[in-house]
Amino acid sequence: APSAAETFTIQTSFNAGDFSTTYLTENWLPKIKEMTDGRVEINLTPSGSVVPSKETPQAVAMGVLDGDWTSVNYFSGQEPAFAILGDLISGYDTPAQLLGFCKDGPGEKVWQKALDAIADGEVQLIGCGPYSREALPARTPIKTFEDLKGKKIRSPEGLVSAVFAAAGASPVSIPFSEVYGALEKGIVDAADASAYVNNAATGLNDVAPYPLYPGIHSMPSMELTLNKAKFEEMTPEDQKALRDWFYMAMEDLTNVVHEQDEKLAAEDTKKEGVEVIDWPQESRDKMRVVARKEWEKFAEKSDLAKEALDANLEYMKTIGLMN
Amino acid sequence: MGIEYITILIVASLLALMAIGIPLGVTTLLVSLGTAILYFGERAGFFLVSANVTEVLHKYELIAVPFFVFMANVLERSGIAHTLFESMAILGGRFRGSVAVQTTIVAVILAAMSGIMGGEIVMLGLIALPQMLRLGYDRKLSIGIICAAGALATLIPPSVVLIVYGLAAQVSITKLFAASAVPGLLLALLFIAYILVRVRLNPVMAPIYDIPETGLPFFNRLKFLKGAVLPAVLITVVLGMIYGGIATVTEAAAIGAVGALVVSGIQQRLSWTMMRNAMRQTVLTVGSIIWLVLGAVSLIGIYNRIGGGDFLRDLLGSLDIAPIMVIVVMMLIVMVLGTFLEWIAILFITVPIFAPVVADLGYDPIWFGVLFAMNIQIYYLSPPFGPACFFLKSVTKDIELQEIFAAVLPFIALQAVGLFLVLFFPQIALWLPSMLGN
Amino acid sequence: MSKFLSRYAAAMDRASVFIGHACSALFFACIFFSALEVVMRYGFDHPTSWSIELTMALCAMAWVLSVGYVTERNRHISITMLELMVGPRVWHWFRLMQIIAAIVTVSVFAMAVWDPALRVFWRPEYSGTSLNSIQPSLLKVLILIGAILYVLQLLANLIRWVQGTEKASTHGH
Ligand code: NA
Ligand code: NA
């Protein structure tokens, strides 16, 4: 039987007024309604508006939220697998490759397992993957891998802070709301923040005139989920439409954000007093060696983490990123 | 049931429960638990409340509150504030109305050291008020100036009100601090101007401060400045750390707390008992604030989830008036709430609703935060629930509450003037942060 | 029975005050570690990775566990406007209503935080930062302990109301 029209309330990890939120709301929310003949509508709410960011899987399981569309680094304290799924630093070159890991590779399967572990099997994964490469706003020039040594770098949960620590930097865990002030005042030298376009919008590039772009191959992955009971009430066609819609939206967002990033970075390069730094290949290789050691360490933290890493390595081989 | 009825029901039950004297933290918890269970059932409702409440404990910025409370307690108990007042009074000499003007100036200096209102009013009430009355100053003028100037503690940075506003509205606390400094001084100047005009018109209100020291030539009086040196150093260090880019507000507050101990040590007023009592008082103050925040935050989360935020935004957005008038309406709502609610309750009821509307209308949330803090100044004085008046009453036996309320009325008018000046000339607030930004 | 109850009230009061006083030591530690962080950063160019998480855990512990002390001293913020209007005799019955409302609410609240607190025992939750401390689990358990302390002290206050040995409420902060 065709299910009745339903509006899903989905909490995101975007801040209200972000480039990404605005873009999705204007361009993609109308499309899901179209694709399901009005049976499915989505209402996106900003980060932390209903429950704290790291509680969304539980909230979806309980039906407080219908779903989440969120960066999964927040869950790394609950299940180390999410540190690997959330941002496998120096693993992939482009967001498209990592989206492929989810869409065509073994990504969704292991992801669903990790979700089941923290959300009692009541949350259904719709799709996963990144939409951007993070830039690294810095207030002092970090031109090579060696320059990382001794630098104070704001980094949130997950693999990122471990990798920075291993590279000789001091990871400082300050809340995202304090990043601007901390960079402005030199409490940190650099901050793992967001895509170049988002950093520009929040003014981070103004207080940190030496942004690393492209960054250090940090690509935070997001998930779209639904409450399992709600998902099972949908027709198979609508379920498929939702998944297709998610990947189409993410691919589009990837392209748009990349375009914006490139444009802004090119403009900033010409500006007086701003230096957009692109690491030489040699530094990127050194970073990769350090990062891979940290992957291994995180993989030892739980069986699921091991499984998540193995799935990634296997997929990297099939697409020729590793031998 | 539509969201409009639920909103009315929530507000009505909050007001009813608060009115019969149930602690505000319990009231908000009760209403949020009730709403959550009705809407989502027991399991999901319980989860929603517990997730939001636990998150409050992760708010780094909230840690500054106990530090500032402790710092204020040390300054008050160690007598540093007392010394400061004496030196300032002597420095002022025999100018008519000088003691009233100095009380205002001392209040501003104390306000730059302390982030909470209570301690400062108690201190001024204990030290300045008896002096002014002894010298034959008009009772109403003296009482009014102490309540109004004492309240500046939470407008002139650092300020607990601005910290909690910054948390609720998700804006930079450092910028809020920078933006509130000039409006704070503006209010102080309005108070001083008012004093000078009143005593010119009616000299009986303010006799000359006639002790031998004030008769000395100005240059000789300068040596009495020494009581003000260490507090001045402390202020410079704390504010310098915040604006000079050395530390976060929380860290600066910790340094301030340590600094207050050091200053009282240098002045040989540091004792184990003093420190212990100051800290116990801090535990009680902060312990009572935190339960208020816990309840309020969980109520906001639930209200948002059931569509309350959108509803109120639409409601305010659909008002067919100029954008600036929407701000005026908001300010009037805060003013009315301020006659009978605690500031934290007002903040948590209004800010989550108002802040997004302010942004939608294209106004700066920092500016709105300053307006909010200025409105809280009015709240401190306005009867029947005027905490500044209660604090003063708690230290003076022979003054009735009614007399205090009558005395603060002209100052409420001055605060309103200041509020509307900043409302129609936002540069007053935004000029300093824009200067610091470059 | 009545003797037993007043003994409970006295013992609970003592326990709450003792824990409350202990909380002041936690705040001292908070101040110390926050100030130390600044010194480490500028004095030794070596910011710590643990200072923020530790300070937050200590502070959270202090302000949750001080609840018994705050309740014993009747320092929870409330509006007492009606006291002047209804007079002391009627207000006395209002006091009973306030205590009972608080007991019911905080008990339900304790039930709400019960499951998340127990959950961390079989599925511990870490901060996920480079320090990866146990802080999130700790806070979930703390809030339950705080709620229980709150109810226990409210029961002591209820006994004092019945036996007419209530302490005068002290206002302001
Ligand atoms: Na202040
Ligand atoms: Na008032």
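Residues numbered from 1 in each chain as written. Chains lettered and ligands numbered in written order. Predicted model: local features only at pLDDT ≥ 70, side-chain atom pairs only at ≥ 80, totals over all residues. Heavy atoms only, no water.

Another aspect to go through is the state of the cysteines. All names here are of chain A. The full count for this structure, using the stated rule, is one disulfide over all chains. Each disulfide pairs two cysteine sulfurs, and for Cys102 the partner residue is Cys128, the sulfurs being separated by 2.1 Å. Torsion about the S-S bond of the Cys102 and Cys128 cystine: about -115°, corresponding to left-handed handedness. Here the residue Cys102 occupies a position in helix α5 (residues 95-103), and Cys128 occupies one in strand β4 (residues 123-129), the gap between them amounting to 26 residues. (Disulfide = S-S within 2.5 Å. Helix = DSSP H or I, 4+ residues; strand = E, 2+ residues; numbered from the N terminus.)

Counting all residues, the mean pLDDT for chain C is 86, and 94% of those residues have values of 70 or more. Across the interface, the model reports ipTM at 0.86; the global pTM reads 0.82. (pLDDT = per-residue confidence, 0-100.)

The subject of this paragraph is the UniProt feature "transmembrane region" (unreviewed entry) in chain C. Residues and elements named next belong to chain C. In this numbering, the UniProt entry assigns the feature "transmembrane region" (unreviewed entry) to residues 21-44, 50-71, 92-114 and 134-159. For residues 50-71, the end-to-end C-alpha separation is 32 Å, with 91% helix and 0% strand making up the annotated structure. Across residues 134-159, the secondary structure splits into 96% helix and 0% strand, with the terminal C-alpha atoms separated by 38 Å. (UniProt positions renumbered as here; feature names shortened; annotations may be inferred.)

All names here are of chain A. A full pass over the atoms with the stated rule returns 26 salt bridges over all chains. The salt bridge partner of Lys143 is Glu275, with a shortest N-O separation of 3.3 Å. Linking Lys143 in the loop between β4 and β5 (152-154) with Glu275 in the loop between α12 (236-270) and α13 (281-299), this pair joins segments that are 132 residues apart in sequence. For Lys143, a relative accessible area of 41% corresponds to the partly exposed category. Between Lys286 and Glu146 there is a salt bridge, with the nearest N and O atoms lying 2.5 Å from each other. With Lys286 in helix α13 and Glu146 in the loop between β4 and β5, this pair connects stretches of sequence that are 140 residues apart. (Salt bridge = Lys/Arg side-chain N within 4 Å of Asp/Glu carboxyl O. Buried < 20%, exposed > 50% of the residue type's maximum accessible area, 1.4 Å probe, protein only.)

A few words on the interface of chain B and chain C. The interface is formed by 55 residues belonging to chain B together with 56 residues belonging to chain C. When the two sides are added together, the surface that chain B and chain C hide from each other amounts to roughly 5200 Å², 79% of it contributed by carbon and sulfur. Area buried by chain B at its contact with chain C is led by Leu57, Leu284 and Trp291 of chain B, which between them contribute 14% of it. One can count zero salt bridges joining chain B with chain C. For the pair chain B and chain C, the number of links is two residue pairs in polar contact (both at pLDDT 80 or more). At the level of secondary structure, the elements contributing two or more residues to the side of chain B that touches chain C comprise α1 (3-19), α2 (24-56), α3 (64-77), α12 (249-266) and α13 (272-305) of chain B. The element contributing the most residues to the side of chain B that touches chain C is α13 of chain B, with 14 residues. Considering only residue class, the side of chain B that touches chain C consists of 41 nonpolar, 10 polar and four charged. (Contact = heavy atoms within 4.5 Å. Buried area = accessible area lost by both parts, 1.4 Å probe. Polar contact = N/O pair within 3.5 Å; in protein donor to acceptor, adjacent residues only side chain to side chain. Nonpolar A, V, L, I, M, F, W, Y, C, P; charged D, E, K, R; others polar.)

Where α3 of chain B contacts helix α1 (residues 2-43) of chain C, the axes come no closer than 10 Å and their chain directions differ by 105°. It follows from the interaxial angle that α3 of chain B and α1 of chain C lie roughly perpendicular. Of the residues in α1 of chain C, those touching α3 of chain B at Pro66, Phe67 and Phe70 of chain B are Phe27, Phe28, Cys30, Ile31 and Ser34 of chain C. A class-by-class count of the residues in the contact of α3 of chain B with α1 of chain C yields seven nonpolar, one polar and no charged. (Axes fitted to C-alpha atoms, helices over the stretch in contact; angles between N-to-C directions. Parallel < 35°, antiparallel > 145°, perpendicular 65-115°, else oblique.)

Moving on: the side chain of Thr35 of chain B. Examined against the element boundaries, Thr35 of chain B turns out to sit in helix α2. Residue classification places Thr35 of chain B among the buried positions, given a relative accessible area of 10%.

Right, let's talk about the sheet that holds strand β7 (residues 190-191) of chain A for a bit. Residues and elements named next belong to chain A. Taken in spatial order, the three strands of this open sheet run β6-β5-β7, and their pairing is parallel. With partners counted over all chains shown, the strands left at the sheet margins are β6 (170-172) and β7, one partner each. Two elements, β5 and β6, share three bridges in a ladder whose sense is parallel. Within β6, the position partnered with Ile153 by the bridge is Pro171. (Pairing = 2+ DSSP bridges.)

The subject of this paragraph is the environment of Ala291 of chain A. Residue and element names in this part refer to chain A. Counting through the fold element by element, Ala291 comes out in helix α13. Residue class for Ala291 comes out buried when judged on its relative accessible area of 0%. Residues Ala291 and Ser90 lie 201 residues apart in sequence; the distance between their C-alpha atoms is 6.5 Å. When neighbours within four sequence positions are excluded, Ala291 is seen to be in contact with Ile89, Ser90 and Val163.

To continue, consider the interface of chain A and chain B. Each partner contributes to the interface: chain A provides 22 residues, whereas chain B provides 22 residues. For the pairing of chain A and chain B, the buried interface totals around 1900 Å² over both sides, and the portion due to carbon and sulfur atoms is 57%. Across the contact surface, chain A and chain B share one salt bridge. Glu122 of chain A serves as the salt-bridge partner of Arg43 of chain B, at 3.3 Å between the closest nitrogen and oxygen. Applying the counting rule to chain A against chain B returns two residue pairs in polar contact (both at pLDDT 80 or more). Elements supplying a minimum of two residues to the side of chain A that touches chain B: α3 (56-62) and α8 (179-185) of chain A. Residue composition of the side of chain A that touches chain B, grouped by class: 10 nonpolar, five polar and seven charged.

Moving on to the sheet that holds β4 of chain A. Residue and element names in this part refer to chain A. Taken together, five strands build an open sheet; the order of strands is β2-β1-β3-β8-β4 and the sheet is mixed. Edge positions in the sheet fall to β2 (40-45) and β4, since each of these pairs with one other strand and no more. Going across the sheet, the axis of each strand differs from the next one's by a mean of 20°, ignoring polarity. Pairing analysis gives six bridges linking β4 to strand β8 (residues 222-227), with the strands arranged antiparallel. Each residue of the ladder has a partner; that of Gln124, found in β8, is Leu226.

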